[in-house]
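Coordinate inspection notes
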Amino acid sequence: VGDREIAAGAILGLVDDQIEVIGENRVDVALRLLTILGASQCEVITLYAGEGVTDYDAANLRSRVQETFPDSQADLVPGGQPHHWFILACE
């Protein structure tokens, strides 16, 4: 895609419909995206979990976000979106 090689099964991290991060692990991709979004400067990070996300995976991401950005509050919301594992927001 564009000038990037993307392997089958890769996890894509998008910002405004642009591929910003490519990885093999959902949590790592999400943490890298949050860094790009400036999460270290956010008071609240909201994680909207998609319809296929397990409670374990959602709790694991929330825990890792709180660990990585300890000065921010990490909120987990069941978003129910069908095509994205997580939608991330920083405020």
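Refer to the preceding data block for the structure.
Definitions and limits used
- Numbers given to residues run from 1 along each chain, matching the order in which its sequence is written.
- With pLDDT at 70 or above as the cut-off, local features in this predicted model cover only qualifying residues; side-chain atom pairs require 80 or more to be listed or tallied, and sums for whole chains, interfaces and linings still use all residues.
- Think of the side-chain values as coming from all heavy atoms in the structure, minus any hydrogens and water.
- Nine residue types can take part in a nonpolar core, namely buried Ala, Val, Leu, Ile, Met, Phe, Trp, Tyr and Cys, and a core is a set of them joined through side-chain atoms within 4.5 Å.
- Three exposure classes are used, based on accessible area relative to the maximum for each residue type with a 1.4 Å probe and protein chains only: buried under 20%, partly exposed in between, and exposed over 50%.
- A run of H or I in DSSP becomes a helix once it reaches four residues, and a run of E becomes a strand once it reaches two; helices and strands are each numbered from the N terminus.
- In what follows, salt bridge is the name for a side-chain nitrogen of Lys or Arg lying within 4 Å of a carboxyl oxygen of Asp or Glu.
- Should DSSP find at least two bridges between two strands, the strands are regarded as paired.
- Only the stretch in contact is used when a helix axis is fitted, and all axes are lines through C-alpha atoms; the angle between N-to-C directions ranges over 0 to 180 degrees.
- Assignment of crossover handedness uses the view with strands pointing away from the viewer, where a clockwise path from the first strand over the helix to the second indicates a right-handed crossover.
- As used in this structure description, the phrase polar contact means that two N or O atoms lie within 3.5 Å; if the pair is within protein, one of them must be able to donate a hydrogen and the other to accept it, and residues adjacent in sequence are counted only when both atoms belong to side chains.
- For this analysis, residues touch if any pair of their heavy atoms sits within 4.5 Å.

**So, the nonpolar core**
- Ranked by size, the top nonpolar core spans 22 residues in total, and within it Leu-34, Ile-45, Leu-61, Val-65, Phe-69, Phe-86 and Leu-88 carry the most contacts.
- Only strand E1 (11-15), helix H1 (26-36), strand E3 (44-49), helix H2 (55-68) and strand E5 (86-90) provide two or more residues apiece to this core.
- Looking at this core element by element, the count peaks at six residues for H1.

**Describing the pattern of salt bridges**
- All chains considered together, the criterion is met by two salt bridges.
- Salt-bridge contacts for Arg-26 lead to Asp-57; the nearest nitrogen and oxygen are separated by 4.0 Å. Taken together, the residues Arg-26 in helix H1 and Asp-57 in helix H2 connect sequence positions 31 residues apart.
- For Arg-26, a relative accessible area of 32% corresponds to the partly exposed category.
- The class of Asp-57 is partly exposed, set by a relative accessible area of 28%.

**Let's talk about the pairing of strand E2 (residues 18-23)**
- Here E1 runs beside E2; their pairing, made up of five bridges, is antiparallel. Among the inter-strand pairings, Ile-11 is bridged to a residue of E2, identified as Gly-23.
- Once E1 ends, the chain turns through two residues before running back antiparallel as E2, passing Asp-16 with a positive phi of about 50°.

**Examining the sheet that holds E5**
- Pairing is mixed in the open sheet, where three strands are placed in the order E4-E3-E5. Because the sheet does not close on itself, it has two edges, and the strands there are strand E4 (73-78) and E5. Here the average twist between neighbouring strands, direction ignored, is 20°.

**Thoughts on the pairing of E3**
- Bridging between E3 and E4 involves six bridges; their strand directions are parallel. Its bridge partner being in E4, Tyr-48 is matched across the sheet by Val-77.
- Between E3 and its parallel partner E4, the chain crosses via H2, and the hand of that crossover is right-handed.
- Both E3 and E5 contribute to a ladder of five bridges, which runs antiparallel. Residue pairing across strands places Ile-45 opposite Cys-90, the latter belonging to E5.

**Regarding the environment of Ala-8**
- Mapped onto the elements of the fold, Ala-8 is located in the segment before E1.
- Using a relative accessible area of 83% as the deciding quantity, one classes Ala-8 as exposed.
- Separated by 54 residues in the primary sequence, Ala-8 and Arg-62 place their C-alpha atoms 27 Å from one another.

**Some thoughts on the side chain of Gln-81**
- Mapping Gln-81 onto the fold places it in the loop between E4 and E5.
- According to the relative accessible area criterion, Gln-81 is buried, its value standing at 12%.
- Engagement of the side chain of Gln-81 in a polar contact is seen with the backbone oxygen of His-84, the distance being 3.4 Å.
- Gln-81 has contacts with Tyr-48, Ala-49, Gly-50, Glu-51, Phe-86 and Ile-87, leaving out every residue within four places of it along the chain.

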